[in-house]
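The lines below spell out each chain.
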Amino acid sequence: MSQVIYPKELSLANRKEGHAGALNEEQLDKLKKLWLRVLALFQQQGETVQLEQEPTKKKTGGLFGFGKKEEKEKEYFLGTTSDPRWRNLSLDKALPLIPGSLLHQAFWGLVATDNPDSTLLRFLRARKWDLDASFNMLANTLRWRIDMRTNDIVALGETGLIEELERSKSGLGTSFKELLGRKMVTLGGPDKNDRGICFINVQVYHKEDQPIETIKLLTIYIMETARIICDYPMETVCIVFNLENFTMANMDLDAVKFLAECFQAYYPESLGLACVHKAPWVFSTIWNLITPLLDPVVASKIIFTKSVQDLQNHIPEDSLPSLITGDASKPSFDERTVSEPPRPGRISIPADDADVKSYWKNVLDYEKKTTEWAESNQESLLERLKLGQSYRISRVKAEKLIRGETSYHAKGMININKDDRLIVSYKTSSWDSKDITDWV
């Protein structure tokens, strides 16, 4: 395990090759060209949005999801604000139809608190620096984010999303809330590489208990929350699939497919390690069905652990939830309770708020300077880091309105204090609280 070196000041030291601040001449040229193509997208007019909602298709019946018949299942929140053509047409035909203003919003929602250069570099590394493939992957991600309403999910936060889902369809918000309450998916950390951890407790999940839309929403909600703590120098996350007490009743290939697709297509270069913990013998059959769905790079990051001791080779004991350790006297941070639920956010963000106005002004300034930089021979990597840091600080200040609260905010794992500093707290022996505002 490599030792994490925390930045004391902004510099080019200790940077990983191919990441922001450590690019060779060819990589820098690819980054500039990708920026110019992305910025040009925001200028396109697109076509008038047609909001006729087409029901999504879901397969039912068959062994583990194979040999299924198609039947239509309506989604009530996802996809309801986008044009069905954007989803159904091939990318080359769909992309010109999408208004540039929507692509612009989707892109900066994708960047969020990240260094914008780092966001583009994830796609370039994922496609081995092939410019066309990287652009198509990024453009497809923006299309997906618009359809999945990721910006709305972030803006609403946990309580706001539950309320909005209930308005969309009676019972949908309740289903989402119940799934959260079962602790099927929780966040914590750090692992021994100081990465945030996502724990997936499969034994509490049953496919028939909720529609697939709820699982998609939960996946996006957790992914978008985890991204707050997925930045330099810990640019990936760790996932633990806890398969203790797993039976075939807990299997849902549609959910597995969606998660795999997220990591491989829409959140590239985000997975650092995946631990499959206490897999029973019956899982070997399922694993043979899952492996063809996985990109070889993703598959190479998966390990199997049989005991808590095995898991502790990668994750400190005080970062593990009691459900895994069996020690209820030592609950993890996420197992804490809060007296008040997270405050609901809202989709319509006040445009006249000073911090929000300052943020979008910073975005435009970043785009202007990036265009000038990409069209010139300037190669100052440190200056790019400084620009990215300025962007990040402005976004963190605006987060209190742009991002709705989650239970992780309510419990204090994620906190933007009165000085507009982003503080991540795990309350473990290796990581109590750290100010990560300036980390780019």
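Along each chain, residues carry numbers from 1 onward, in the same order as the chain's sequence is written. Whole-chain, interface and lining totals are the exception, using all residues; otherwise, since this is a predicted model, local features are given only for residues with pLDDT of at least 70 and side-chain atom pairs are given and counted only at 80 or more. Hydrogens are left out, water is left out, and the side-chain values use all remaining heavy atoms of the structure.

## So, the environment of Asn14
Within the fold, Asn14 resides in the segment before helix 1 (25–41). On a C-alpha basis, the gap between Asn14 and Val4 in space is 9.5 Å, while along the polypeptide they are 10 residues apart. Note on definitions: a residue-residue contact is assigned when non-hydrogen atoms from the two residues lie within 4.5 Å. With residues near it in sequence (within four places) discarded, Asn14 still touches Ile5 and Tyr232. Elements are defined by DSSP. Helices are runs of H or I of four residues or more, strands are runs of E of two residues or more, and each kind is numbered from the N terminus.

## Topic: the pattern of salt bridges
Here, a salt bridge means any Lys or Arg side-chain nitrogen found within 4 Å of an Asp or Glu carboxyl oxygen. What the rule picks out here adds up to 31 salt bridges. With a shortest N-O distance of 3.2 Å, Lys369 and Asp365 are connected by a salt bridge. One end of the pair, Lys369, and the other, Asp365, are both in helix 15 (residues 354–374), four residues apart, so they sit about a helical turn from each other. A residue is classified by how much of its surface remains accessible, and Asp365, at 32% relative accessible area, is partly exposed. Buried, partly exposed and exposed residues are distinguished by accessible area as a fraction of the type maximum, computed with a 1.4 Å probe on protein chains only: under 20%, between the cut-offs, and over 50%, respectively.

## Thoughts on the UniProt feature "domain: CRAL-TRIO" (unreviewed entry) in the protein chain
The UniProt record annotates "domain: CRAL-TRIO" (unreviewed entry) at residues 172–332. A helix fraction of 37% and a strand fraction of 16% characterise residues 172–332, whose end C-alpha atoms lie 29 Å from each other. UniProt positions are given in the numbering used here, feature names are shortened, and annotations may be inferred rather than shown by experiment.

## Remarks on the pairing of strand 5 (residues 237–242)
With five of six residues buried, strand 5 is to be regarded as a mostly interior element. Two elements, strand 4 (residues 197–201) and strand 5, share five bridges in a ladder whose sense is parallel. Along strand 5, the bridge assignment pairs Ile200 with Phe241. Note on handedness: a crossover is taken as right-handed if, strands pointing away from the viewer, the path from the first strand over the helix to the second is clockwise. In this view, the connection linking strand 4 to its parallel neighbour strand 5 by way of helix 9 (residues 212–226) has right-handed handedness. The sheet contact formed by strand 5 and strand 6 (residues 271–277) spans six bridges and is parallel. Residue pairing in the sheet places Ile239 in a bridge with Ala274 of strand 6. Paired strands are those between which DSSP finds at least two bridges.

## Focus on the nonpolar core
Grouped together as the largest cluster of nonpolar side chains are 71 residues, with contacts concentrated most on Phe176 and Leu218. Bear in mind that the domain bounds are from an automatic or database domain assignment. Two domains each provide a minimum of three residues to this core, namely domain 1 (25–45 + 74–148) and domain 2 (166–335). Beyond its immediate chain neighbours, meaning those up to four positions away, Phe176 contacts Leu161, Ile162, Leu165, Thr214, Leu217, Leu218 and Tyr221. We define a nonpolar core as any set of buried Ala, Val, Leu, Ile, Met, Phe, Trp, Tyr and Cys residues linked to one another through side-chain atoms lying within 4.5 Å. Counting residues in each nonpolar core, the second largest holds 44 residues, with Leu34, Trp35, Trp86 and Val111 among its members.

## Focus: the sheet that holds strand 9 (residues 422–425)
Spatial strand order, 8-9-10: three strands in an open sheet with antiparallel pairing. Edge positions in the sheet fall to strand 8 (414–416) and strand 10 (433–435), since each has one partner strand and no second. Shown here is a sheet whose adjacent strand axes are inclined to one another by a mean of 25°, direction ignored. The pairing of strand 9 with strand 10 spans three bridges and is classified as antiparallel. To obtain an axis, a line is fitted to C-alpha atoms, over the contacting stretch when the element is a helix, and the angle between two such axes runs from 0 to 180 degrees between their N-to-C directions.

## Section: the packing of aromatic side chains
Two aromatic rings, drawn from Phe, Tyr or Trp (for Trp, its six-membered ring), form a pair once their centres lie within 6.5 Å of each other, and the interplanar angle then sorts them: stacked below 30 degrees, edge-to-face above 60, tilted otherwise. Applying the stated criterion across every chain yields a total of 20 aromatic pairs. Between the aromatic rings of Tyr426 and Trp431, the centroid separation amounts to 5.1 Å while the plane-to-plane angle is 65°, which identifies the pairing as edge-to-face. Residue class for Tyr426 comes out buried when judged on its relative accessible area of 3%. Owing to a relative accessible area of 3%, Trp431 belongs among the buried residues under this scheme. Here the aromatic residues Trp35, Phe42, Phe107, Trp108, Tyr359, Trp360, Tyr366 and Tyr391 are joined through ring pairs into a cluster of three or more. For a ring to carry a charge above it, either NZ of a lysine or CZ of an arginine must fall within 6 Å of the ring centroid while also lying within 35 degrees of the normal to the ring plane. Taking the ring centre of Phe135 as reference, the NZ or CZ of Arg37 above it sits at 4.3 Å. Positioned over the ring face of Trp373 is Arg384, at 3.9 Å from the centre of the ring.

## A closer look at the sheet that holds strand 3 (residues 185–188)
Spatially, five strands are ordered 3-4-5-6-7 in an open sheet, and the strand pairing comes out mixed. Edge positions in the sheet fall to strand 3 and strand 7 (302–305), since each has one partner strand and no second. Neighbour-to-neighbour, the strand axes of the sheet open up by a mean angle of 20°, direction not taken into account. Seen against the sheet, helix 9 touches strand 3 and strand 4 and runs at an angle of roughly 5° to strand 3.

## Describing the packing of helix 7 (residues 150–168) against helix 8 (residues 172–181)
Each packed pair of helices is defined by two parameters, the angle between the axes and the distance between the axes. It is at 6 Å that the axes of helix 7 and helix 8 come closest, and there the two elements cross at 145°. Seen from helix 7, the contacting residues are Glu158, Leu161, Ile162, Leu165 and Glu166; seen from helix 8, they are Leu172, Gly173, Thr174, Phe176, Lys177 and Leu180.

## What about the pairing of strand 9?
Across the two faces of strand 9 the burial is the same, with Leu422 and Val424 and Ile423 and Ser425 all buried. With three bridges connecting them, strand 8 and strand 9 associate as antiparallel partners. In the sheet register, Asn415 faces strand 9, and the bridge partner there is Ile423. Linkage of strand 8 to strand 9, two consecutive antiparallel strands, is achieved through a turn of five residues, within which Asp420 is found at a positive phi near 60°.

## Some thoughts on the state of the cysteines
Each disulfide consists of one covalent bond between the sulfur atoms belonging to two cysteines. Two cysteine sulfur atoms make up a disulfide if the distance between them is within 2.5 Å. Throughout the structure, instances matching the rule amount to zero disulfides. The thiol of Cys230 is unpaired, and the distance to the nearest cysteine sulfur, on Cys238, comes to 12 Å. In this structure Cys275 is a free cysteine whose sulfur lies 4.6 Å from that of Cys238, the closest cysteine sulfur available. Take Cys275: its relative accessible area is 0%, and that puts it in the buried class.

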